[in-house]
Amino acid sequence: MRPKTPTQIAVIDALAVLAAAALLLLYLLLPDKVYVFDGVMFSYIIERRVVDLGAMLFNRRHLLFIPSMMCLRDGLAALGLPTAAYPLVQKVNACAGALGVWLFYRMSLRRTADKTVSLLGAAILGLSYAYASRATEGQVYMLMSLGALASLSAAWRLLDDEGPGPVAVLAAALACALLFHAANIALLPMGAVALWLAAPRVGGPDPGLGAAAPPALRLRRAGALLAAAALVGAAFAWAFGVRGPASLLAFLWKATEFTPKAGGGWWELTGDLFAHGGSGLGSRLASSLRETGQSLAALNDAPTAAAVIGTAMLAGVALAWRLTWERLEARERKAGLIAAALWLGFAALNNLWGGGIFFGPPPFAALLALAAIAGARLVPSGSARRSAALTAVSAGILALGAWNIGAGLAPQSRIENNDGYRRAIFIKEHTFPTGWVLTSGLGFGNSKVYITEFAHRSSQVLEYYVNPGGKAQGLARFGDFTRSALAHGLPVYATSDLVDDAKVLGEIRRLWGVTPDEVRACFGPGTFLPVAAYDDRLRLYLFRPVQPVEPFLAGLAFNALDAADTARADEALALFERSAAAASKGQRSATASLLRTSNFGARLLFEGMAPFLDEAARRGGAAYAAAFLRSPTPAQRARLERLAAALR
């Protein structure tokens, strides 16, 4: 075996630094615009844009994530560097992603003593779709993955150091990993295996797999792990008021929502780890071969392709270990068992708590670590086949990275590819700022936050009324809100999933026991007026009540007069004219009187919105309502004439 020269070693070290820096730059330059519900909701909390901050500050699944991001954002603001929460989390994830790749390289090098193999393994991890997606998004999963990688690194260090330090580091790493995401409970089998296998050498050669640490030492090590568990448990108990068995069970039920998967089986474990990444062959290739299999199954009508390819991935790693087992040192075998325990822990967890591709980086890193240890022995330095093997692997990594960037990261970094965002802009373009947009929470899931975040419209979601508190009470509160809004002339819009989408209405009945007639009853007597259609799924309606119709017409009049956009003004005027034509002569006369006494509807609308405004906004709204249309513009005068004509 020919040793590397100092120059070769220096070049590889430099490449490792450059690779980490290049990945950091890649992650920073391609932040995702997927904007999933959780990420946007976390941003609301971090920026303190929620009503009950105390109830949302700590999350049952990732206790420290929101408080830590909040402290970081506040600290940057104090230094004169204010930033929005979502891009801040993305930058933190990019740094965590690059750090995780560097950590993988260092711990792989410690186990294999092969810088080239370690560098290639780190490159595969950093360019994989599962890992890179977590490093570019605004969620918690990259920090979860970094905690898992740090825990694996600490567990491997137990094999080299017999003192108490590495045990304490492992316990601390596991505690932090769990506090940033409860899914890291899957690391506990790995920790237990590491503590068991790390037998003291007592100055002699490394003992084999059959050797175990003395009982007293194992007890002390277990004590460190239990202390970390007590710390984590105490933190959760304090944050969520766990004081006894009943409150503990309630906490666990809400936190886990474990739902064992039907079918599948252990032969698909690798597949299940990466099953939820969306469609598209290109962006899936490096998350795992299961992802490729899923796409191939859809393209080629081969239902078993996913399981077969996922199993082949495992079989390849297992075969590499079988071929090199006799050549591996005892510590390498132990390191392999520790990594395998990490993979098994996440595989088992994913069968109960389906995180899919979001939980993918830690077990994928474990398989890469196993492949690196075996690969360093299969193609040792100086062997005839080494250059050819490394050239092939390097070419594959470059192709894989280019494919994942071009077909995965780059497209999802462009906001125009976010269909939910485009739907939100459509809603913005066809609604008035004074209106409320009502959705089910099922038809367009991200609309629950997109309407507020991107359309800048107030919204209400039926799910939030009937899902947590029960059907009867929830429907009553939902109806009270709708009737109150209509009584104040606030335009009440509904998306098609609440009006005429049979599939979603069927799901509402199945999940919450709410029938379409019960949804319709929340609006009272009236008609849904078609406003616009985005496509055959999303249609927007404005509800016109039968009684009281006068506030409804006053609200339309205000929006017609206040609209800066001519198209929006014309839309409001057209709706006003249609609705006035359907009203009785007495209702038109009453509307004219209401317009005079309510400052063309401004005061009425302000009173309806006041309960949802803070004190400063209330004062500003009252002043605006009092001053509205004292000196109308020529355009407003023309609109006033159309309003008056419609009421005759």
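In what follows, the structure referred to is the one given above.
Residues numbered from 1 in each chain as written. Predicted model: local features only at pLDDT ≥ 70, side-chain atom pairs only at ≥ 80, totals over all residues. Heavy atoms only, no water.

Participant: How do you make sense of unusual backbone geometry when you look at a structure like this?
Facilitator: Trans peptide bonds make up most of the peptide bonds, and negative phi angles are found at most residues other than glycine. The step from Gln547 to Pro548 runs through a cis peptide bond, and the omega angle for that step is -5°. Relative to the helices and strands, Pro548 resides in the loop between strand 5 (539-545) and helix 26 (549-562). Of note, the phi angle at Arg48 is positive, near 60°, even though the residue is not glycine. Tracing the backbone shows Arg48 in the loop between helix 2 (37-46) and helix 3 (53-56). Owing to a relative accessible area of 42%, Arg48 belongs among the partly exposed residues under this scheme. Here Phe600, not a glycine, exhibits a phi torsion of approximately 60°, which is positive. Residue placement: Phe600 occurs in the loop between helix 28 (585-597) and helix 29 (602-609). Judged by relative accessible area, Phe600 falls into the partly exposed class, the value being 26%. (Helix = DSSP H or I, 4+ residues; strand = E, 2+ residues; numbered from the N terminus. Buried < 20%, exposed > 50% of the residue type's maximum accessible area, 1.4 Å probe, protein only.)

Participant: Help me understand the pattern of salt bridges in this model?
Facilitator: Any two side chains of opposite charge can pair if their charged atoms end up close together. Evaluated as defined, the whole model comprises 26 salt bridges. Arg422 is the partner of Asp419 in a salt bridge, and the nearest nitrogen-oxygen pair spans 2.8 Å. Within this pair, Asp419 and its partner Arg422 are both found in helix 19 (residues 419-429), separated by three residues, close to a single helical turn. Judged by its relative accessible area of 28%, Asp419 is partly exposed. The shortest N-O distance in the salt bridge between Asp480 and Arg483 comes to 3.1 Å. Taken together, the residues Asp480 and Arg483, both in helix 22 (residues 471-487) and three residues apart, mark about one turn of the helix. Of the residues examined, Asp480 reaches a relative accessible area of 48% and is grouped as partly exposed. Put simply, Arg110, Arg111, Asp160 and Arg331 are held in one network by salt bridges that share partners. (Salt bridge = Lys/Arg side-chain N within 4 Å of Asp/Glu carboxyl O.)

Participant: So what exactly am I meant to see when it comes to the side chain of Asp497 here?
Facilitator: Tracing the chain through its elements places Asp497 in helix 23 (residues 496-499). Engagement of the side chain of Asp497 in a polar contact is seen with the side chain of Ser440, the distance being 2.5 Å. Here the side chain of Asp497 touches Thr495 through a polar contact of 2.4 Å, side chain to side chain. The residues contacting Asp497, other than those within four sequence positions of it, are Thr439, Ser440, Gly441, Gly443, Phe444, Val504, Leu505 and Ile508. (Polar contact = N/O pair within 3.5 Å; in protein donor to acceptor, adjacent residues only side chain to side chain. Contact = heavy atoms within 4.5 Å.)

Participant: How should the packing of aromatic side chains be read in this particular structure?
Facilitator: Taken as a whole, this structure holds 22 aromatic pairs when the rule is applied. Aromatic side chains Phe42 and Phe65 sit 5.6 Å apart centroid to centroid with 65° between the ring planes, which places their arrangement in the edge-to-face category. In this pair, Phe42 is assigned in helix 2 and Phe65 in helix 4 (residues 65-78), connecting sequence segments 23 residues apart. Overall, Phe42 belongs to the buried group, its relative accessible area being 8%. Aromatic side chains Trp436 and Phe481 sit 4.8 Å apart centroid to centroid with 80° between the ring planes, which places their arrangement in the edge-to-face category. Of this pair, Trp436 sits in strand 1 (residues 436-439) while Phe481 sits in helix 22, placing them 45 residues apart in sequence. We note that Trp436, like Phe481, is buried. Three or more aromatic residues joined by ring pairs make a cluster, and in this case those are Tyr35, Tyr86, Tyr421, Tyr450 and Phe454. Above the face of the Phe37 ring, Lys448 is positioned so that its terminal group lies 4.9 Å from the ring centre. (Phe/Tyr/Trp six-rings, centres within 6.5 Å; stacked < 30°, edge-to-face > 60°. Lys NZ or Arg CZ within 6 Å of the ring centre and 35° of its normal.)

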